[in-house]
Amino acid sequence: MEQPLWVPVLQAVVVFAYYLLITAVLIWAERRVVARMQSRLGPNRVGPFGILQTLVDGAKMFFKEDITPGMVNKVIYNLAPLVGVIAGFLVVAVIPIGGEVTLFGETFTLVVADLSIGVLWILALSSIHVYSVFLAGWASNSPYPLLGGIRSSAQMISYEIAQGLAVASVVIYAGSLRVSDIVAAQSGPGFIDGVPAWYAIPLFPAFLVFVIGMVAEAGRPPFDLAEAEGELVGGFNTEYSGMRFGMFMLAEFMSVVTMSAIVVPLFLGGPAGPTFGLPDSVAWVMPILWFFLKMVGFIFFFILLRGAMPRYRYDKLMNLGWKVLIPVALVWTLVTATFVLIEEAGGLPAGTRLGLAVAAAVILLVLLFGGRASAPDTRSVAKAPDITAGRTPALDEPGSADLQATDHQEVAP
Amino acid sequence: MLSEYLPVLLLFGLAVAFAVGSLVVSSLVGPRVPNPTKLAAYESGNIPLADVRNTRFSVKFYMVAMLFLIFDIEVVFIYPWAVVFRELGWFGLGQMALFIGILGVAFVYEIGRGGLEWD
Amino acid sequence: MTGHDVVFVLVGLLTAGGAVLTVTSKNLMHAALFFAVTLGGIAGVFLPLAADFLALVQIVVYVGAVAVLFMFGLMLTRAPIGREALDGQNRGLAMAVAGGLFVVLSTLVIGAFGDLPTAEVTGPRIDDLGIAIFADWVLPFEVLSMLLLAALIGAIVLARRETGESGEELTVTRIEMAQDRDPDALEREQAALTSGSGGDGEEHA
């Protein structure tokens, strides 16, 4: 090995601390932003703007009782939260958080390992993460966790496919599974002058599929079916308390950060960005800054989604994943490949290219959102009488109006 | 070659140390006052009634896992193809289109049979 | 011994241990988990051979999908627990077959490759792998899609009931209620939980 041992150690420690720190700040930021969206203040007592709130909450977790209920399968019950956190840290090993850095005469990149199969690494670690959720649900041996666990593991594996297929078109463009190659391939001139060659633009449908998959994979609102409080109490982690619950919280919030970190090199050019002619001694900061800004943009998007969107229904979630996202991603993979081959063969005139892009975007938007107004979900409405048969009349049935009316008269004197 | 994975191993070690360490510290400083209610399954305050050991789930979940396996295999075949398909040209694209097409037929059949209806 | 050898031996032990525990576990879910460990261990065996694409594919497909499919399958069925329920009562025969297979395979492998000089492996690049699959082995690749097609259709046919009977699938889980259980045990639990307030048993009547 040509590098001294401290280089990999430093890489590992820096990346570990980086994501842990950002996760801690994220938890605070989310509470502040969501509070602002709801006309509240949010945590503002501990430290400036309450930024140390997460630290205090984390410390509190240590002093909470960690209950192990009697019916659980102890070994797996203890293992499940660990799997989630560890997989969460490992998945970012292939993501460069900055450019090249020279320290004590050693030049190295701010990435744990730039593996030649980086994209597969991300896919593999996401599938390991499913174990955490599934095993937590199973080991708890209790109805709500069991339902939540199997629901969210089915959700995660579904959207994992959508994400994997979305990344396939990135691989087609870049011609490599190595994350640094994918970043380098996006550094050239853009398709339109003045716009960076980020894959988010030519591969917009794949980008969209990936971002939606990201939210579902992280189990975040509006796709947080795992912890649909109204129906499942807390989902797979219902029987967990104390620090073990804290581990699940950490894993969930960290997946927000790691997903935001993963999308940046794949679709948004990674840490690359203008350095504004800064001298070399300072210029190494810019990639770190660019990466950070792009990632924070996505984290902010996650937070806004949480504040703005109501929860999805489970059947709709699965339908979206299997019947919309996966077919779109599959077709888009072939379309991308066809385009690349046409480009190789000589290419299309710029006007045709732009026109096709606009047409594709319109078709996609119509496919995604066009059907909603014309096709209301009559299925569930039609089913309502079956479910309530022999019990209270449904609200839209004759008779229920009288019920409501009498209620009103009684309540309002 | 294997040395590429050394930093990954270090990161793994850090993550394990952090996660296990947190749980150990918590178990040392946290209180432990069990009582029957705490140790029972949580069912929103009701007395636990369900016997989940013999719970069986809808076959839908199994279908999802089966589809996942098949599409997973498809994805891992698409990746090496995506890396080299410029060299393969139209022939390679045709191959992959056929592969995706055959699975697409199965997928459409599955949807047509209502295998993915969550009712 | 080089670093590669050390890694190989450690991973091999993990794999073998996982395999033994898979067949000796009394709980099916534990067995499935050890099976996942074994499959992950095989991925680890690929790493010192510099075949990291294969290693990751092993994890994605086998650990991430096949083992998960097994576990979903366990949730689907009433998984039996205990040695009697799981044992095929053919231990001696099974051990003899497994042992014989082990002897034959190791003799074959050592006989065929034992004399080869050890060399530093560089491993295939993904490009080489891709060219091999999509240029040299096109037919097997396309046949594979037929295999997957058959698997998928088989699953649909097995899983899907005839139409008309599907109403039962409305219930996502069948949670067995208290009536099916030993009433004495229920009363004891109730007494423990309600700490003496008792007498609210009408709900269960």
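Residues numbered from 1 in each chain as written. Chains lettered and ligands numbered in written order. Predicted model: local features only at pLDDT ≥ 70, side-chain atom pairs only at ≥ 80, totals over all residues.

1. Describing the overall build of chain B
Helix and strand counts for chain B stand at 3 helices and 0 strands. Going from the N terminus to the C terminus, chain B shows its helices and strands as α-α-α. Sorting the 119 residues of chain B into buried and exposed places 44% on the buried side. (Helix = DSSP H or I, 4+ residues; strand = E, 2+ residues; numbered from the N terminus. Buried ≥ 20, exposed ≤ 12 C-beta atoms within 10 Å, placed from the backbone.)

2. Looking at the overall build of chain A
Assigned secondary structure in chain A consists of 15 helices and 2 strands. A total of 413 residues make up chain A; the buried ones form 49% of that total.

3. Some words on the interface of chain A and chain B
A common way to report how large an interface is uses the accessible area buried once the components associate. Contacts between the two partners involve 68 residues from chain A and, on the opposite side, 58 residues from chain B. Contributions of two or more residues to the side of chain A that touches chain B are made by helix H1 (6-37), helix H2 (53-62), helix H3 (74-91), helix H4 (118-140), helix H5 (143-174), helix H9 (242-267) and helix H12 (314-344) of chain A. Class assignment of the residues belonging to the side of chain A that touches chain B gives a composition of 48 nonpolar, 12 polar and 8 charged. (Contact = placed C-beta atoms within 7 Å. Nonpolar A, V, L, I, M, F, W, Y, C, P; charged D, E, K, R; others polar.)

4. Quick word on helix H7 (residues 138-159) of chain C
Taking 1.5 Å per residue as the helical rise, H7 of chain C with its 22 residues ought to reach 32 Å, and the 32 Å between its terminal C-alpha atoms agrees with that figure. Taken as a whole, H7 of chain C has its buried residues at Ser145, Leu148, Leu152 and Ala155 of chain C. Buried residues of H7 of chain C, seen end-on, are gathered within an arc of 85° and therefore sit on one face of the element. Across H7 of chain C from its buried face, at more than 90 degrees, point the exposed residues Leu139, Pro140, Val143, Ala150, Gly154, Val157 and Leu158 of chain C. Its buried side turned inward, H7 of chain C meets helix H3 (59-112) of chain B. (Expected span 1.5 Å × (residues − 1). Arc of directions from axis to C-beta.)

5. Points about the nonpolar core
One recurring pattern in soluble globular proteins is that nonpolar side chains are buried together. In terms of nonpolar packing, the biggest core is built from 198 residues, with Leu120, Val170, Val171 and Ala329 of chain A together with Tyr79 of chain B touching the most fellow members. It is H3 of chain B that provides the largest number of residues to this core, a total of 28 residues. (Core = buried A, V, L, I, M, F, W, Y, C linked by C-beta atoms within 7 Å.)

6. Digging into the environment of Ala197 of chain A
Here Ala197 of chain A lies in the loop between helix H6 (179-185) and helix H7 (204-217). The spatial distance from the C-alpha of Ala197 of chain A to the C-alpha of Gly269 of chain A is 7.5 Å, given a sequence separation of 72 residues.

7. Quick word on the pairing of strand E2 (residues 106-109) of chain A
All names here are of chain A. The pairing of strand E1 (residues 100-103) with E2 spans 4 bridges and is antiparallel. Among the inter-strand pairings, Val101 is bridged to a residue of E2, identified as Phe108. Between E1 and E2, which pair antiparallel in sequence order, lie 2 residues; one of them, Phe104, sits at a positive phi of approximately 50°. (Pairing = 2+ DSSP bridges.)

8. Remarks on the environment of Ala67 of chain C
Residues and elements named next belong to chain C. Structurally, the position occupied by Ala67 is in helix H3 (residues 52-76). Its 22 C-beta neighbours within 10 Å are what place Ala67 among the buried residues. When the C-alpha atoms of Ala67 and Leu93 are compared, they prove to be 27 Å apart, with 26 residues separating the residues in sequence. Leaving out residues up to four positions away in the same chain, Ala67 has contacts with Ala32, Phe35, Ala36, Leu39 and Tyr62.

9. Quick word on the confidence of the model for chain B
All names here are of chain B. Confidence in the prediction of chain B, expressed as mean pLDDT, is 82, and 87% of residues score 70 or more. For chain B, helix H2 (residues 36-39) is the element with the lowest average pLDDT, namely 75, and helix H1 (residues 6-29) is the one with the highest, namely 89. Model confidence for the complex is summarised by a pTM of 0.82, with the ipTM given as 0.88. (pLDDT = per-residue confidence, 0-100.)

10. Re helix H2 (residues 28-46) of chain C
In this model, H2 of chain C (19 residues) spans 27 Å end to end at C-alpha, consistent with the 27 Å of a helix rising 1.5 Å per residue. Inspection of H2 of chain C places Ala32, Leu33, Phe34, Phe35, Ala36, Thr38, Leu39, Gly40, Gly41, Ile42 and Ala43 of chain C among the buried residues, and these make up the whole buried set.

11. Section: the packing of H7 of chain A against H9 of chain A
Residue and element names in this part refer to chain A. The interhelical angle for the contact between H7 and H9, taken along N-to-C directions, is 165°, at an axis separation of 10 Å. Classified by the angle between their axes, H7 and H9 sit roughly antiparallel to one another. Every pair of crossing elements has a handedness; the one defined by H7 and H9 is right-handed. On H9, the residues that touch Phe207, Phe210, Val211, Met214 and Glu217 of H7 are Met259, Val263 and Phe267. (Axes fitted to C-alpha atoms, helices over the stretch in contact; angles between N-to-C directions. Parallel < 35°, antiparallel > 145°, perpendicular 65-115°, else oblique. Left-handed = near helix turned anticlockwise from the far one by under 90°.)

12. Description of the confidence of the model for chain A
Residue and element names in this part refer to chain A. Taken over all residues, the pLDDT of chain A has a mean of 80, while the share at 70 or more is 86%. No element of chain A has a lower mean pLDDT than helix H15 (residues 400-411), at 38, and none a higher one than H3, at 90. Of the regions scoring below 50 in pLDDT, residues 378-413 engages in 8 contacts with residues more than four places distant in sequence or in other chains.

13. Observations concerning unusual backbone geometry
Along the chain, Pro221 of chain A connects to Pro222 of chain A via a cis peptide bond; the corresponding omega equals 5°. Note that Pro222 of chain A resides in the loop between H7 and helix H8 (229-232). Here Phe49 of chain A, not a glycine, exhibits a phi torsion of approximately 55°, which is positive. Mapped onto the secondary structure, Phe49 of chain A falls in the loop between H1 and H2. Unlike most non-glycine residues, Ala50 of chain C shows phi in positive territory, near 65°.

14. Section: the packing of H5 of chain A against H7 of chain A
Residues and elements named next belong to chain A. The geometry of H5 relative to H7 is characterised by a closest axis approach of 8 Å and an angle of 155° between their N-to-C directions. Judged by the angle between their axes, H5 and H7 are roughly antiparallel. In terms of crossing hand, the pair formed by H5 and H7 is left-handed. Between H5 and H7, the contacting residues are Gln155, Met156, Tyr159, Glu160, Ala162, Gln163, Ala166, Val167, Ser169 and Val170 on the first element and Ala206, Val209, Phe210, Gly213, Ala216 and Glu217 on the second. For the contact of H5 with H7, the class distribution of residues is 10 nonpolar, 4 polar and 2 charged.

15. Some points on the environment of Val57 of chain C
Structurally, the position occupied by Val57 of chain C is in helix H3. Separated by 22 residues in sequence, Val57 of chain C and Phe35 of chain C place their C-alpha atoms 16 Å apart. What Val57 of chain C contacts, discounting residues up to four positions off in sequence, is Leu120 of chain A together with Val76 of chain B.

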